[in-house]
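Okay, here's what each chain looks like letter by letter:
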Amino acid sequence: MSDPAFEYAPIGLVELENRIIRRCNLHFASMFGGNEGDYRDMPLLNLYPSHEDFERIGKRGLQAMLETGYYTDERIMRRRSGDLFWCRARGKSLTPEDPFRHGIWSFADISEERRVIELTPRERDVALLTCRGLSAKEVGAELGLSYRTIEAHRARLLEKFGARKLPELVAKLSGMPL
């Protein structure tokens, strides 16, 4: 039975079971490249830049979903062509006791708002937590690193994004107009 609201939604939608795509809508298939059938029973892992990103984001998402049943973030994903792009992901678990068992996720291409700059997985973590307003000490505690190491990562981020100060970096990372 067809569900027009799911199928024709103006945002990418997927139904996941244990992080395996069971079905997706037209917008999702168009965004990532290909047809809906190309994604049926595909591991979501195939759309991440790396296995490490898949594991790290999954761990963070699982923790949030165990607490709230919901997760949202902005991340870099991989199209079928191999091109990387910024994506806003939002997920709602249909099985709160086992959040990844069954859920509905939306994906929005936000690459027009953000350019992709090559970052290490650690730089991505530091950037994400910095944008959430955490201090260097708080980021360090979250990642199990010293605040001096976090400051070194932030310095590299400032350089890569051409920002002079931390607020300018956060604005660039969050896609705010300057």
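You'll find the chain entered in an unreviewed UniProt entry as PAS domain-containing protein, with Ruegeria sp. PrR005 given as the organism.

A. Inspection of the domain arrangement of the chain at higher detail. What the domain assignment reports for the chain is domain 1 (4–109) and domain 2 (121–173). Taking only C-alpha atoms, the centre of domain 1 and the centre of domain 2 are 26 Å apart. The contact between domain 1 and domain 2 buries some 600 Å² in all, and 46% of this surface belongs to carbon and sulfur atoms. In this structure, the connection of domain 1 to domain 2 is made through three salt bridges. Two residues, D53 and R124, come together in a salt bridge whose shortest N-O distance is 2.7 Å. Listed by contribution, the elements that provide at least two residues to the side of domain 1 that touches domain 2 are helix 3 (51–68) and strand 4 (70–78). Sorting elements by how many residues they give to the side of domain 1 that touches domain 2 places strand 4 first, with five residues. The class makeup of the residues in the side of domain 1 that touches domain 2 is two nonpolar, one polar and five charged.

B. Expanded view of helix 7 (residues 166–174). For helix 7, the set of buried residues is E168, L169, A171 and L173. Each element contacted by the buried residues of helix 7 is listed here: helix 4 (121–131) and helix 6 (147–161).

C. Quick peek at the packing of aromatic side chains. With the rule as written, the count across this model stands at seven aromatic pairs. Their ring planes at 65 degrees and their centres at 5.6 Å tell us that F28 and F107 sit as a pair that is edge-to-face. With a gap of 79 residues between them, F28 in helix 2 (residues 26–32) and F107 in strand 6 (residues 103–109) connect regions that are remote in the sequence. The exposure classification of F28 matches that of F107, with both residues buried.

D. Layout of the sheet that holds strand 4. Reading across the sheet, the six strands line up as 3-2-1-6-5-4 and stay open at both edges, with antiparallel pairing between neighbours. Edge positions in the sheet fall to strand 3 (42–43) and strand 4, since each of these pairs with one other strand and no more. In this structure, strand 2 (residues 20–24) lies alongside strand 3, joined through two bridges in antiparallel fashion. Each bridged residue has a counterpart across the sheet, and for I20 the counterpart in strand 3 is P43. Contacts from helix 3 reach strand 4, strand 5 (84–93) and strand 6, with the element oriented near 165 degrees to strand 4.

E. Highlighting the packing of helix 4 against helix 7. Contact geometry for helix 4 and helix 7: axes closest at 10 Å, N-to-C directions at 100 degrees. Considered as vectors, helix 4 and helix 7 are oriented roughly perpendicular to each other. Together, A127, T130 and C131 of helix 4 and L166, V170, L173 and S174 of helix 7 make up the contact between the two elements. When grouped by side-chain class, the residues that make up the contact of helix 4 with helix 7 number five nonpolar, two polar and no charged.

F. Unusual backbone geometry, seen in detail. Unusually for a residue other than glycine, N18 sits at a positive phi of about 50 degrees. Note on placement: N18 falls in the loop between strand 1 (12–17) and strand 2. The backbone of R19 sits at a positive phi, close to 65 degrees, despite the residue not being glycine. Within the fold, R19 resides in the loop between strand 1 and strand 2. Overall, R19 belongs to the buried group, its relative accessible area being 13%.

What counts as what
- Residues numbered from 1 in each chain as written.
- Predicted model: local features only at pLDDT ≥ 70, side-chain atom pairs only at ≥ 80, totals over all residues.
- Heavy atoms only, no water.
- Domains from an automatic or database assignment.
- Buried area = accessible area lost by both parts, 1.4 Å probe.
- Salt bridge = Lys/Arg side-chain N within 4 Å of Asp/Glu carboxyl O.
- Helix = DSSP H or I, 4+ residues; strand = E, 2+ residues; numbered from the N terminus.
- Nonpolar A, V, L, I, M, F, W, Y, C, P; charged D, E, K, R; others polar.
- Buried < 20%, exposed > 50% of the residue type's maximum accessible area, 1.4 Å probe, protein only.
- Contact = heavy atoms within 4.5 Å.
- Phe/Tyr/Trp six-rings, centres within 6.5 Å; stacked < 30°, edge-to-face > 60°.
- Pairing = 2+ DSSP bridges.
- Axes fitted to C-alpha atoms, helices over the stretch in contact; angles between N-to-C directions.
- Parallel < 35°, antiparallel > 145°, perpendicular 65-115°, else oblique.

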